[in-house]
There are 2 protein chains.
Amino acid sequence: MGILSRRSRYATNPIREDDDLADSLRRKGKKVIRLSTGDPPAYIPTPSFMIDAYVRALKEGKTSYSRSEGIWELINAVIGRYKRTYGISLHENDIVSTQGISEGLHIMNSAMINEGDYAITFKPYFPAYASMLNLEGGSFLFEQYHEDDRWSIDADEVAKSVKSIKRSPKGRRLKYMLLANPNNPTGTVLHRPALEAIVDIVNENDILLISDEIYDEIVYNGAKFTSVSKLAKGMPHVILYGASKNYQATGFRIGFMIVPESDRTSMKLKAMFADYARSRLSINTPAQYAVAEAMNNVKEHNKAVKHLVKLVSERTNFAVDLLDKNPFMTTVRPNGAFYILPRVDFKGLKLKNDAEFVSKLLIEENIQIIRGSGFGAPGHIRLVSLAPKEILGHAINRINAFCERHAKQ
Amino acid sequence: MGILSRRSRYATNPIREDDDLADSLRRKGKKVIRLSTGDPPAYIPTPSFMIDAYVRALKEGKTSYSRSEGIWELINAVIGRYKRTYGISLHENDIVSTQGISEGLHIMNSAMINEGDYAITFKPYFPAYASMLNLEGGSFLFEQYHEDDRWSIDADEVAKSVKSIKRSPKGRRLKYMLLANPNNPTGTVLHRPALEAIVDIVNENDILLISDEIYDEIVYNGAKFTSVSKLAKGMPHVILYGASKNYQATGFRIGFMIVPESDRTSMKLKAMFADYARSRLSINTPAQYAVAEAMNNVKEHNKAVKHLVKLVSERTNFAVDLLDKNPFMTTVRPNGAFYILPRVDFKGLKLKNDAEFVSKLLIEENIQIIRGSGFGAPGHIRLVSLAPKEILGHAINRINAFCERHAKQ
């Protein structure tokens, strides 16, 4: 018998697959430009008022295990944040803190998925959604974001598809629909009517909706964000949230699973998520104090996030303008998060697909980006638009030159 | 179909099961003495040189995602620590950092266990070993630590039992043997000959040995600790380690999975553990710098751990002396870690078992301890001996009075 489990083959992450190669290039003295991870503090520092709160917690000796679901100060800060931002009244037991959304995905899938179960999500999608589901024996049934409609959904198409899934044998094993808004990797925000249509569909078909809203404050270019929690009106749903993006604190590793409603399904889920949290004791303690402060100090946070969104929108638009000069790229201009997902015209290039594009680009130009196929979007590449314009501009000019060099004839 | 998975029922933790009740007592103004978690900084502060390193990392902006397997500084610190302490030469790829040993247990079991697989451990055991195995569809076959032999093993008995398991149909689905030394909850250290016998047994039967050695510096009362890595000589094994106990940094949540050897099984495991680490991005970044410093600054660490072991040994011995005055308790005196596992004479008490003992003690005396049945040791209770003598003494005097009050006739 082999030592590894069958499921272990799903422990993959396209976002990190070239890290070893990039590291080995760096060790050879190459300067690798990293446009591969959505990591704000790599280019835009974590706000100092949060660092100060973190330091204070350390100096006050807040270094024990914490309450498994999260310290009360943090739980109450999340309650305050959702009241202020969306007018939603959360209770203490609605919130469980996790080591980033990654751990939340693991806990959710372990809590819900039996071997052979299904879930629905939309392509393109964040890869951990699939790996964490697959690791528990589940598989995705995919709906589609339409690139030609600015990565929005066709509500009628989704309604028909979901109804047909529910009527099929798979329908009995369907556990949830997972949505990411604003989206990674497309960088787009769903219009409210599209979101309302989705809420209607899951309501009619009695499906649990999970909404990853970790980028909810990072919207620009005129977009407006709507939280599922505003539309739910008693419908069971889970909000995934965290400190990594809006609060520029990826390395703190603080995420949340929020179950706002009180129906029977929601009550079961929130109790079970707490049990899972207890089974692994706790997350990092002092970081929780920093994130509590980040949410409670509204004035400082608003200043910081305003600055972040300004930089992100400028950099993203600047990058898209440059990519638009590349005759082999077509890009839907993002209006949320900090990702760009250009479609590459491989018919015009001597590169066969996005995987070859990305690995050649890393070796030849020392620029690290991610293949779209890792997100269920083959033929695309994903860039992160967090770097300053000098770096972004330099990188995209080299990407454009790289395409010219690999053009057919 | 219910929303929860079948496996989710295993997401339990007896160590945290009374936390809600204890919290609600505190909210009513009661002062609850917590002897329930092995949490050094709750009573003995994290050394200040580690806090300083943590603060330095934060002020230097080390707040991005880190390398998934751990920052190089930390990996190299672990390499240095094992070289210095045990003369073992680890390589960079042998080490993966995790959110405490808890996450390591999750990753290991997900990486190895198929539904219906088995593993071997010894009773009494740390409860997360079982929950993390059960959550992946595996079950334990139990060997026994013998209380009447100071919680040691009977090597002949184990050899016979393991051989018979290997010959049975279960033998084909046997994935590993898991050992904890020094042990939680017994607080005892295995003699080197016992450990050598175990290494021989797993070698002969071709079983992967996993050794949880997180308390390896916390030994006293004349005990000597031996690391499995010193005895392995090419045999595949995994060492579980972490910063929580020796370094008094539970709330940092930094653990390690170490695979020191280079046989085929070991190579597969270390590559797979890295894949799992990548699939969840990273652990808390600034805490890794603090733990790197904790391991690199040998002088400061040695001073701190010497102080810790002195306090732990004094407090443990003091507590056992007091428990020995209780006619309903029999206690094997610990010589490692900071746990005490007295056997309770329920024939003499009007309490029916350890669960009733523990919950009545919490309600009547506001002292939180853990039932032995949570560790596979029914009829016992587990106390943590980290509190100062005033608190420990006060608590145990009340435990003794509680027993008198509940004595038969």
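The shown structure was predicted, so the numbers you read here are calculated from the model rather than taken from an experiment. (Residues numbered from 1 in each chain as written. Chains lettered and ligands numbered in written order. Predicted model: local features only at pLDDT ≥ 70, side-chain atom pairs only at ≥ 80, totals over all residues. Heavy atoms only, no water.)

### Quick look at the overall build of chain A
Logical step 1: Across its full length, chain A holds 13 helices and 14 strands.
Logical step 2: Across its three principal axes, chain A shows a C-alpha extent of roughly 65 × 60 × 55 Å.
Logical step 3: Across the 409 residues in chain A, those meeting the buried criterion constitute 67%.
Logical step 4: Within the structure as shown, chain A displays about 14600 Å² of accessible surface, and the carbon and sulfur contribution to it stands at 50%. (Helix = DSSP H or I, 4+ residues; strand = E, 2+ residues; numbered from the N terminus. Buried < 20%, exposed > 50% of the residue type's maximum accessible area, 1.4 Å probe, protein only. Areas by Shrake-Rupley, 256 points an atom, 1.4 Å probe, with all protein chains shown as cover.)

### A closer look at the packing of helix H4 (residues 100-112) of chain B against helix H5 (residues 127-134) of chain B
All names here are of chain B.
Logical step 1: Put simply, H4 and H5 touch, their axes get as near as 9 Å, and they point 35° apart. Here the hand of the crossing between H4 and H5 comes out right-handed. Packed against H4, whose contacting residues are Ser102, Leu105, His106 and Asn109, the element H5 presents Ala128, Tyr129, Met132 and Leu133 at the interface.
Logical step 2: Class assignment of the residues belonging to the contact of H4 with H5 gives a composition of 5 nonpolar, 3 polar and no charged. (Axes fitted to C-alpha atoms, helices over the stretch in contact; angles between N-to-C directions. Left-handed = near helix turned anticlockwise from the far one by under 90°. Contact = heavy atoms within 4.5 Å. Nonpolar A, V, L, I, M, F, W, Y, C, P; charged D, E, K, R; others polar.)

### Describing the sheet that holds strand E8 (residues 255-258) of chain A
Residue and element names in this part refer to chain A.
Logical step 1: In space, the 7 strands of this open sheet follow the order E2-E8-E7-E6-E5-E3-E4, with mixed pairing throughout. The open sheet is flanked by strand E2 (95-98) and strand E4 (139-144), the only strands paired with a single partner. Sheet twist, expressed as the average angle between the axes of neighbouring strands with direction ignored, equals 25°.
Logical step 2: The sheet contact formed by strand E6 (residues 208-212) and strand E7 (residues 237-242) spans 4 bridges and is parallel. Looking at E7, one finds that Ser211 is bridged to Ile239.
Logical step 3: Taken strand by strand, helix H6 (residues 155-167) contacts strand E3 (118-123), E4 and strand E5 (174-180), and its axis lies near 155° from that of E4. (Pairing = 2+ DSSP bridges.)

### Things to note about a negative patch on the surface
Logical step 1: On the surface, Asp148(A), Asp149(A), Asp154(A), Asp156(A) and Glu157(A) cluster together to form a negatively charged patch.
Logical step 2: With respect to the element layout, Asp149(A) can be found in the loop between E4 and H6. (Patch = residues over 30% accessible without salt bridge, like charges linked within 9 Å, V, L, I, M, F, W, Y side chains within 5 Å. Salt bridge = Lys/Arg side-chain N within 4 Å of Asp/Glu carboxyl O. Lys, Arg positive; Asp, Glu negative; His and termini not counted. Charge placed at Lys NZ, Arg CZ, Asp CG, Glu CD.)

### What about H6(A)?
Logical step 1: Under the 1.5 Å per step criterion, the end-to-end length of H6(A) is 18 Å for 13 residues, consistent within 8% with the ideal 18 Å.
Logical step 2: Residues of H6(A) that are buried make contact with E3, E4, E5 and helix H7 (192-205) of chain A. (Expected span 1.5 Å × (residues − 1).)

### Details of the sheet that holds strand E8 (residues 255-258) of chain B
All names here are of chain B.
Logical step 1: One open sheet accounts for 7 strands, arranged E2-E8-E7-E6-E5-E3-E4; its pairing is mixed. The open sheet is flanked by strand E2 (95-98) and strand E4 (139-144), the only strands paired with a single partner. The mean inter-strand angle of the sheet, taken between neighbouring strand axes irrespective of direction, is 25°.
Logical step 2: Sitting on the sheet, H5 is in contact with strand E3 (118-123), E4, strand E5 (174-180) and strand E6 (208-212), with an inclination near 150° to E4.
Logical step 3: The strands that helix H7 (residues 192-205) touches are E3, E5 and E6; relative to E5, the one it contacts most, it runs at about 175°.

### Looking at the domain arrangement of chain A
Residues and elements named next belong to chain A.
Logical step 1: Domain assignment breaks chain A into domain 1 (8-45 + 301-403) and domain 2 (49-297).
Logical step 2: The distance between the C-alpha centroids of domain 1 and domain 2 comes to 25 Å.
Logical step 3: On the side of domain 2, 36 residues touch domain 1, which itself brings 40 residues to the contact.
Logical step 4: When the buried surface of domain 1 facing domain 2 is broken down by residue, His301, Val332 and Asn335 rank first, second and third, together holding 24% of it.
Logical step 5: Linking domain 1 with domain 2 are 1 salt bridge, by the criterion used here.
Logical step 6: A salt bridge links Glu147 to Arg343; the shortest N-O distance between them is 3.3 Å.
Logical step 7: For the pair domain 1 and domain 2, the interface holds 21 residue pairs in polar contact (both at pLDDT 80 or more).
Logical step 8: Counting residues per element, the ones that place at least two in the side of domain 1 that touches domain 2 are helix H11 (298-323) and strand E10 (339-340). (Domains from an automatic or database assignment. Buried area = accessible area lost by both parts, 1.4 Å probe. Polar contact = N/O pair within 3.5 Å; in protein donor to acceptor, adjacent residues only side chain to side chain.)

### A closer look at the side chain of Asn317(A)
Logical step 1: Within the secondary structure layout, Asn317(A) lies in helix H11.
Logical step 2: Using a relative accessible area of 17% as the deciding quantity, one classes Asn317(A) as buried.

### Topic: the nonpolar core
Logical step 1: If you look at the biggest cluster of nonpolar residues, it comprises 136 residues, and the most contacted ones within it are Met177(A), Phe252(A), Phe256(A), Met177(B), Phe252(B) and Phe256(B).
Logical step 2: Ignoring any residue separated from it by four or fewer positions in sequence, one finds Met177(A) in contact with Ile120(A), Phe122(A), Val158(A), Val162(A), Ile198(A), Val202(A), Ile207(A), Leu208(A), Leu209(A) and Ile210(A). (Core = buried A, V, L, I, M, F, W, Y, C linked by side-chain atoms within 4.5 Å.)

### Considerations on the environment of Lys166(B)
Residue and element names in this part refer to chain B.
Logical step 1: Within the element layout of this structure, Lys166 appears in helix H6 (residues 155-167).
Logical step 2: Residue classification places Lys166 among the partly exposed residues on the basis of a relative accessible area of 30%.
Logical step 3: Between the C-alpha atom of Lys166 and that of Asp206, which follows or precedes it by 40 residues, the distance is 9.3 Å.
Logical step 4: With sequence-adjacent residues up to four places away left out, Lys166 is seen in contact with Gly171, Leu174, Asn205, Asp206 and Ile207.

### Quick word on the packing of aromatic side chains
Logical step 1: Applying the stated rule across the entire model yields 33 aromatic pairs over all chains.
Logical step 2: With a centroid separation of 5.7 Å and 85° between ring planes, the pair formed by Tyr82(A) and Tyr241(A) is classed as edge-to-face. In this pair, Tyr82(A) is assigned in helix H3 (residues 72-86) and Tyr241(A) in strand E7, connecting sequence segments 159 residues apart.
Logical step 3: On the basis of relative accessibility, which here comes to 2%, the residue Tyr82(A) falls in the buried class.
Logical step 4: For the pair Tyr215(B) and Tyr339(B), a centre-to-centre distance of 5.6 Å together with 90° between the ring planes defines the contact as edge-to-face. Pair noted here: Tyr215(B) is in the loop between E6 and helix H8 (228-231) and Tyr339(B) is in strand E10 (residues 339-340), with a separation of 124 residues, a long-range link.
Logical step 5: With relative accessibility at 5%, the residue Tyr215(B) sits in the buried group.
Logical step 6: Here a set of aromatic residues connected by ring pairs shows up, and it is made of Tyr82(A), Tyr86(A), Phe225(A), Tyr241(A), Tyr247(A) and Phe256(A).
Logical step 7: Geometry around Trp72(A) places Arg67(A) over its ring, the cationic atom sitting 3.7 Å from the centre. (Phe/Tyr/Trp six-rings, centres within 6.5 Å; stacked < 30°, edge-to-face > 60°. Lys NZ or Arg CZ within 6 Å of the ring centre and 35° of its normal.)

### What to know about the pairing of E7(A)
Residues and elements named next belong to chain A.
Logical step 1: In terms of burial, E7 is a largely internal element, 6 of the 6 residues being buried.
Logical step 2: Burial along E7 is two-sided: the face carrying His237, Ile239 and Tyr241 and the face carrying Val238, Leu240 and Gly242 are both buried.
Logical step 3: Here 4 bridges tie E7 to E8, and the two strands are oriented antiparallel to one another. Among the inter-strand pairings, Leu240 is bridged to a residue of E8, identified as Met257.

### Points about the interface of chain B and chain A
Logical step 1: Listed per partner, the contact involves 77 residues of chain B and 77 residues of chain A.
Logical step 2: Both sides together, the interface formed by chain B and chain A hides about 6600 Å², and carbon and sulfur atoms give 51% of it.
Logical step 3: Per-residue buried area on chain B facing chain A is highest for Ile3(B), Arg16(B) and Tyr65(B); these three make up 13% of the total on that side.
Logical step 4: Joining chain B to chain A, the criterion identifies 6 salt bridges.
Logical step 5: Across the pair Glu136(A) and Arg7(B) runs a salt bridge whose closest N-O atoms are separated by 3.0 Å.
Logical step 6: Elements that contribute at least two residues to the side of chain B that touches chain A include exactly helix H1 (19-27), helix H2 (48-59), H4, H5, E5, helix H9 (264-279) and helix H10 (285-296) of chain B.
Logical step 7: At 8 residues, the largest contribution of residues to the side of chain B that touches chain A is made by H9(B).
Logical step 8: Looking at the side of chain B that touches chain A, its residues break down into 29 nonpolar, 26 polar and 22 charged.

### Section: the relation of the copies chain B and chain A
Logical step 1: The transformation that overlays chain B on chain A combines an axial shift of 0.0 Å with a rotation of 180°, and the residual RMSD is 0.0 Å. The superposition of one copy onto the other is thereby described by a two-fold rotation axis. The C-alpha atom lying nearest the rotation axis in chain B is that of Val55(B); the distance is 2.9 Å.
Logical step 2: A high fraction, 100%, of the interface residues of chain B reappear at the interface in chain A, so the copies pair face to face through one surface. (Least-squares fit on C-alpha atoms with pLDDT ≥ 70 in both.)

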